[in-house]
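# Structure assessment
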Amino acid sequence: MNGEHKITSGHRARTALVYLRQPTLMQVREHTESTLRQYALADTAIALGWAPRDVEVIDRDLGLPGTSAAHRQGFRELMSRVCLGEVGAVLGLEISRLGRSNADLARLAEMARLTSTLLIDSDGVYDLADFNDWLVLGLKSTMSQAELHIMAGRLQAAKRAAAERGELRAPLPVGLVYDDGGMVVTDPDAEVQAAAADIFACLLAAGSAYGVVAAFAGRKFPQRAYGGAWAGQLRWAPLTHHRVLQVLKNPAYAGAYVYGRCVTRKKIDADGNVRTVTADLPRAQWPVLIKDHHPGYITWEEYLAIEARLAANHTGGGARPVREGTALCQGIIICGGCGGPMAANYHGDDRASYECHSHRDGKKTPGCRSITAHAVDDAVAGALLAALTPEQVALALAAAGEVTSQHQRTSRAAELAVERARYEADRAERAFSQVEPENRLVARTLEARWEAKLAALADAGQALAAAQDTLPPLPDRASLEKLAAGLPALWHAPTTTPRDRKRLLRTLIADVTLLPEANRAKARIGIRWHTGAADEIVIDRPRPTGVPAPTPSPATGLIRELGPVTSNTGLVTLLAQRGYRTGAGRPFDIKAVQWVRHAYQIPSPSPCRGTEISVAEAARRLACSPGVVYYWTETGQLDARRSPGGRLCIPWTPATEADCRARITSSGHLNPAARRTRPRQHR
Ligand SMILES: [Zn+2]
């Protein structure tokens, strides 16, 4: 071997380390030849005079990318052992590529120089203390870096060119396959096709990716494996939220060919290690996007609609999507006092209120209010339905007609601009072709002019495309009018869910504001429409929930007078006979009577008969707590009868009372004096 004379007995007395690396698992699996050659280096070390027991192989880095030493424990181990000076030589297949970055190799070379460790590869032996060897190794390392760069550059450029033609083959999502001619077609397997199509259908019905997962409960979704032992095989697994998002966000299902949807970026983490992270690029920055490249499951317009829907569902990004609850303005109601969003809170029975939570952040203003949801909802829904009467729709359609003709005029102007630009480019070309080739000065000027005209033509073409793209599709007039006439019925139909109502509301109304109002009995509601128009409605503020209206005094008087001797049922009958109503205008029921009793502390008639007394009365007579009496009745020490109202009635005789008193006197628990009379036990 070249430079074998540099190996001394001092080197041979120390360990020979064989360092193996292979950047990816695929290389380890498929390039077995290279791996075998790397292992054969151990034999080389023995041939160079190391004892077999002194030769060690470090192969922990097989299958790990080599761009940074941070994750490669094998390389770290190699470095630390070289630093300790216990290594005589490091053997690798190609020393200049031991570490893929120059920095790793430079560090190893420096340590090897200080500890007089040899580096050996198939080209020969390097002694880093020798300036020539150090220089050669440095050069080789730089060249291998340059080679990698050039190779990667050429490969990337070729890939990019193929991608721009839409011919670069990439793994297809499930539901799409390459046919024999290399064209993308929908999967011929009907089951797979149905599963993929159902995801989009479910999204339309459910409105969210989680809704799709719920709709697929108990049903499996196909996945095609790429690479590895399962390559090309179809496997069925439960559908996860992540998978749904992958499908919904993949433009391949819309028939589009996209290259460069994700980019990888290098990042330095807190420990100083370099990490590679993958990030999605926004659609505007995709390098290659070819629409109508292959048959898809949805149209490009549907893809854009799904994208918008997912963005509107993304609460992490500040969106406030419609939820299940009945409060219509959930997510779009704003506090007019502090400008913050109001939360929809539910208090059981589906009663909801909109509440400003700015006090949590210490931003509460005197104008901040809470309000019962139904009051606002009724007003807003009324405004919505009023805006959608057939007459209003007819007006809107007339305006839409004007907008359409305006659009047509715009795009006609763009068409004319393109025609003019084409004419001027043709003229510049003709002028250039007619000039004598010898007349170079003139030819140069004319060529520049021709190029400028061609650029202007391209610009005009783009402007036309943009003008045509922004043309909104208009629904036909008859179906719109029919829809508007049927809207109130649809709105109130029991089959219409709160979610549907909210979605409908949001198509027209941008947001609702509870405006500050000095009069506490009134509420002012501002409605901002998507058109930019704004409306203001003033309503009577409903009473705060939980505090009933005061009961009219004649009814209170009756309950006060007859309450102590009449049962609740009796009172309800009496109040109904006299035609009395509660403060809220409803007939009295048991609950309402109970509330009045509670409010005015009117006792109920005693259920006890004859000699019976209540638990409270018994406790009062015995001077003990009611708990003691309850305990006796529960343990059978005292007889009691339960009244229809559920209260205990105790038949009371002098004998019963004497029994109870005796029980108290003898109880050490109830009578501490009894405890003290017992002799104490001394040891
Ligand atoms: Zn507020």
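To start, this report covers the structure provided alongside it. As the structure is a computational prediction, the values presented were derived from the model and not from experiment.

## Description of the coordination of the zinc ion
Within the protein, C335 (SG), C338 (SG), C356 (SG) and C368 (SG) serve as the donor atoms for the zinc ion, at 2.2 to 2.3 Å. Around the zinc ion sit four donor atoms, and with donor-metal-donor angles ranging over 102 to 112° the site reads as tetrahedral.

## Describing the packing of aromatic side chains
As enumerated under the stated definition, the model contains seven aromatic pairs in all. Aromatic ring contacts, followed pair by pair, group F200, Y253 and Y297 into a single cluster. Directly above the ring of Y178 sits R169, whose terminal nitrogen or CZ lies 3.9 Å from the centroid. A cation over an aromatic ring shows up here: R663 above the ring of W632, its NZ or CZ 5.0 Å from the ring centre.

## Here we look at the sheet that holds strand β16 (residues 352-356)
Taken in spatial order, the three strands make up an open sheet running β15-β16-β17, and their pairing is antiparallel. Among the strands making up the open sheet, the edge pair consists of β15 (342-346) and β17 (370-372). Recorded for the sheet is a direction-independent mean angle of 25° between the axes of neighbouring strands. As defined by bridge partners, β16 adjoins β17 across three bridges and the pair is classed as antiparallel. Bridge pairing links Y354 to I371 in β17. Relative to β17, helix α12 (residues 373-387) is tilted by about 70°, and along the sheet it contacts β16 and β17.

## Structural notes on the packing of helix α10 (residues 241-249) against helix α11 (residues 300-313)
Closest axis-to-axis distance for the α10/α11 pair is 10 Å, and the angle between their directions is 140°. In terms of orientation, α10 and α11 fall into the oblique class. For the pair formed by α10 and α11, the contact residues are L245, L248 and K249 on the first element and Y303, I306 and L310 on the second. Partitioning the contact of α10 with α11 into residue classes produces five nonpolar, no polar and one charged.

## Some words on the environment of R647
Within the secondary structure, R647 is located in the loop between β22 (641-642) and β23 (648-651). Since its relative accessible area comes to 39%, R647 is described here as partly exposed. Considering only alpha carbons, one finds R647 and P607, 40 residues apart in sequence, at a separation of 7.4 Å. Not counting residues within four places of it along the chain, the set of residues in contact with R647 comprises S604, P605, P607, R641 and R642.

## What about the pattern of salt bridges?
Taken as a whole and judged by the stated rule, the model has 25 salt bridges. With its nearest N and O atoms 2.7 Å apart, the salt bridge here joins E56 to R81. Linking E56 in strand β2 (residues 55-62) with R81 in helix α5 (residues 73-84), this pair joins segments that are 25 residues apart in sequence. R81 gets classed as buried once you look at its relative accessible area, which sits at 13%.

## Topic: unusual backbone geometry
In the Ramachandran plot, S116 falls in the positive-phi region, its phi being about 40° despite a non-glycine side chain. Within the secondary structure, S116 sits in the loop between α6 (102-114) and β4 (118-121).

## Regarding a nonpolar patch on the surface
Together, F131, W134, L135 and L139 make up an exposed nonpolar region whose accessible area comes to about 420 Å². Structurally, F131 can be placed in helix α7 (residues 131-164).

Parameters at a glance
Residue positions are given per chain, counted from 1 along the sequence in the order it is written. Per-residue local features are limited, in this predicted model, to residues with pLDDT of at least 70; the limit for side-chain atom pairs, both in listing and counting, is 80 or more; totals at the level of whole chains, interfaces and linings are taken over all residues. Processing note: side-chain calculations cover all non-hydrogen atoms of the structure and skip hydrogens and water entirely. For Na, K and Ca the donor cut-off is 3.2 Å, while for other metals it is 2.8 Å, and in both cases only N, O and S atoms qualify; water is not among them, so sites may look incomplete. Each label reflects the angles at the metal, where four donors whose angles all fall between 85 and 135 degrees are tetrahedral, four or six donors whose opposite pairs open beyond 155 degrees and whose other angles stay between 65 and 115 are square planar or octahedral respectively, and the rest are irregular. When the centres of two rings from Phe, Tyr and Trp lie within 6.5 Å, Trp using its six-membered ring, the rings pair. Their planes under 30 degrees apart give stacked, over 60 give edge-to-face, and anything left gives tilted. Geometrically, a lysine NZ or arginine CZ counts as sitting over a ring once it is within 6 Å of the ring centre and also within 35 degrees of the ring normal. Strand pairing is defined by DSSP finding a minimum of two bridges between the two strands. Strands are runs of DSSP state E lasting at least two residues, helices are runs of H or I lasting at least four, and both sets are numbered from the N terminus onward. Simply put, an axis is a line fit to the C-alpha atoms, just over the touching stretch for a helix, and the angle between two N-to-C directions goes from 0 to 180 degrees. By definition in these notes, contact holds between two residues if any of their heavy atoms fall within 4.5 Å. Any angle that falls under 35 degrees is termed roughly parallel, while one over 145 is termed roughly antiparallel, one within 65 to 115 roughly perpendicular, and all others oblique. Under the scheme applied here, ten amino acids are nonpolar (Ala, Val, Leu, Ile, Met, Phe, Trp, Tyr, Cys and Pro), four are charged (Asp, Glu, Lys and Arg), and all others, including Gly, are polar. Relative accessibility decides the category of a residue: with a 1.4 Å probe and only protein chains considered, values under 20% of the type maximum give buried, values over 50% give exposed, and everything between is partly exposed. What counts as a salt bridge is simple: a side-chain nitrogen of Lys or Arg found within 4 Å of a carboxyl oxygen of Asp or Glu. In this analysis, a patch consists of residues with relative accessible area above 30% that form no salt bridge, clustered at 9 Å for like charges and at 5 Å for the nonpolar side chains Val, Leu, Ile, Met, Phe, Trp and Tyr. The Shrake-Rupley method, run with a 1.4 Å probe, gives the accessible areas here. Residue values count only the displayed protein chains as cover.

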